[in-house]
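Inside the fold
Here is how the chains run, residue by residue.
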Amino acid sequence: MDRLSFAYSPCPNDTFVFHAWAHGLVPAAPEIDVTFADIDITNGMAERGEGDILKVSYAVLPYVLDEYALLPCGGALGRGCGPLVLTRSEREPASLAGARVAVPSERSTAYLLFRLWAAAEVPGGVGEIVVLPFHEIMPAVRDGRVDAGLVIHEARFTYQNFGLHKVADMGEHWEDTTGLPIPLGAIIAKRSLGAGLLRLLAESARASVRMAWDDPEASRAYVMEHAQEMDGAVADQHIGLYVNEFTADLGEAGYAAVRGLLTRAAAEGLVPPLAPDALVLP
């Protein structure tokens, strides 16, 4: 079997989860060549059909599921882990009307959750949207280059170090209004690989998750090597928040959350509608 390409982020949750697979430690798993890329880049790769396996935003699924299948494991979905809207000083949501807001990707789940939140909480809507790599957003808010920033990943643990203030938690809004967990990052693979290989990829991802849990220290060096100078304690918090039972298997609640988000977003005209069986693994 030829080696498969796999693009995921250098964030601790991804390197923790896929350490075993990337290092050839998962029995019978297809060999992979790993590329590290920010979520905005992998979303674009998916839309162009580049890459065998990709970590992408759930928000991009309606645009790519003709060519890619959703794997039921390896992604990021949970509770209490939503994106935050941050500002330099304490502000009410309504004060963001017409504001210049930095976001990590206009195809990201974070942005989709933000749009749904803003529709309910910001009369008249926000103003200009500026796409920046997620690690540049807090400095941009701090330095006054944007009025507010939508942040993801470990920023929920570190934003106070930048002197920033939380306006709202997109995850709290989503959970309060739907009761569902928050769909963030999905693992997808090319449908052209065939049903048998797609199921093997899912099994390999699930095995890699379980091996990470069984021996957390095995991935430590790999995680910290790619953690972009992140403090070890913050990396541990990041893993603890984003790697959970939904990472091992979406299950009924996970699939309900994904369908709920994308159905609601489609009803608002934010994404194309999903076909009824679009999320089903062949």
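As a starting point, this report considers the structure included with it.

Quick notes on the rules
- Residues numbered from 1 in each chain as written.
- Predicted model: local features only at pLDDT ≥ 70, side-chain atom pairs only at ≥ 80, totals over all residues.
- Heavy atoms only, no water.
- Buried < 20%, exposed > 50% of the residue type's maximum accessible area, 1.4 Å probe, protein only.
- Helix = DSSP H or I, 4+ residues; strand = E, 2+ residues; numbered from the N terminus.
- Contact = heavy atoms within 4.5 Å.
- 1 Å grid on protein atoms, 1.4 Å probe; cavity = no way out; pocket = protein on both sides within 12 Å on 5 of 7 lines; lining within 4 Å.
- Points joined across faces, edges and corners; volume = space filled by probe spheres on them.
- Nonpolar A, V, L, I, M, F, W, Y, C, P; charged D, E, K, R; others polar.
- Pairing = 2+ DSSP bridges.
- Phe/Tyr/Trp six-rings, centres within 6.5 Å; stacked < 30°, edge-to-face > 60°.
- Lys NZ or Arg CZ within 6 Å of the ring centre and 35° of its normal.
- Core = buried A, V, L, I, M, F, W, Y, C linked by side-chain atoms within 4.5 Å.
- Axes fitted to C-alpha atoms, helices over the stretch in contact; angles between N-to-C directions.

Of the residues making up helix 5 (residues 134-142), those classed as buried are Phe134, Ile137, Met138, Pro139, Ala140 and Val141. The inward-facing, buried residues of helix 5 abut strand 6 (84-87), strand 7 (101-103), strand 9 (148-151) and helix 6 (155-158). Glycine 144 sits one or two residues past helix 5 and shows a positive phi near 80°.

Next up on the list: empty space enclosed by the protein. The tally for this structure, following the rule as stated, stands at 1 cavity of 30 Å³ or more. Here the largest cavity is characterised by a volume of approximately 240 Å³. Those elements that provide at least two residues to the lining of the largest cavity are helix 1 (12-22), strand 3 (53-57), helix 4 (109-121), strand 11 (182-190) and helix 10 (232-242). Counting residues per element, the lining of the largest cavity draws most heavily on strand 3, at 3 residues. Residue composition of the lining of the largest cavity, by class: 10 nonpolar, 9 polar and 2 charged.

Within the secondary structure layout, histidine 173 lies in helix 7 (residues 170-178). The residues contacting histidine 173, other than those within four sequence positions of it, are Leu116, Trp117, Ala120, Glu121 and Arg264.

Quantified by volume, the largest pocket comes out at close to 250 Å³. Every residue lining the largest pocket is counted, 14 residues in all, and those nearest its centre are His135, Met138, Glu154, Thr158 and Phe162. Contributions of two or more residues to the lining of the largest pocket are made by helix 5 and helix 6. The leading source of residues in the lining of the largest pocket is helix 5, at 3 residues. Here the residues of the lining of the largest pocket sort into 9 nonpolar, 3 polar and 2 charged.

Walk down a regular strand and you will see the side chains alternate between the two sheet faces. Neither face of strand 9 is left uncovered, since the one carrying Ala148 and Leu150 and the one carrying Gly149 and Val151 both have all their residues buried. Relative to strand 9, strand 6 is paired through 3 bridges, and the arrangement is antiparallel. Residue pairing for strand 9: leucine 86 is matched across the bridge by glycine 149. Examined bridge by bridge, strand 7 and strand 9 share 2 bridges and lie parallel to one another. Its bridge partner being in strand 9, valine 101 is matched across the sheet by alanine 148.

A separate point is the packing of aromatic side chains. Each aromatic ring pair is summarised here by two numbers: the centre-to-centre distance and the angle between the ring planes. Throughout the structure, instances matching the rule amount to 9 aromatic pairs. Both rings, one in phenylalanine 36 and one in tyrosine 222, keep their centres 6.2 Å apart while their planes meet at 55°; by these two values the pair is tilted. A residue pair is termed long-range when its members are at least 10 positions apart, and phenylalanine 36 in strand 2 (residues 32-36) and tyrosine 222 in helix 9 (residues 220-225) qualify at 186 residues. Note on phenylalanine 36: relative accessible area 31%, which makes it partly exposed. Sitting above the plane of the tyrosine 63 ring, arginine 107 keeps its charged end 3.7 Å from the centroid.

Okay, the nonpolar core next. If you look at the biggest cluster of nonpolar residues, it comprises 57 residues, and the most contacted ones within it are Leu61, Val85 and Trp117. Ranked by residues supplied to this core, first place goes to helix 4 with 8 residues. Sequence-distant contacts of leucine 61, that is, excluding residues within four places in its chain, are made with Val56, Leu70, Ala186, Ile188, Val258, Leu262 and Leu279. Val26, Ile53, Ala205 and Val243 belong to the second-largest nonpolar core, a separate cluster that totals 31 residues.

Another point: the sheet that holds strand 6. One key point about sheets: their strands pair by backbone hydrogen bonds, in either a parallel or an antiparallel sense. Judged by pairing direction, the sheet is mixed, and its 5 strands sit side by side in the order 8-7-9-6-10 without closing on themselves. The sheet is open, and its two borders are formed by strand 8 (129-131) and strand 10 (165-169), each paired with just one other strand. Ignoring strand direction, the axes of neighbouring strands in this sheet form an average angle of 30°. Relative to strand 9, helix 5 is tilted by about 160°, and along the sheet it contacts strand 6, strand 7 and strand 9.

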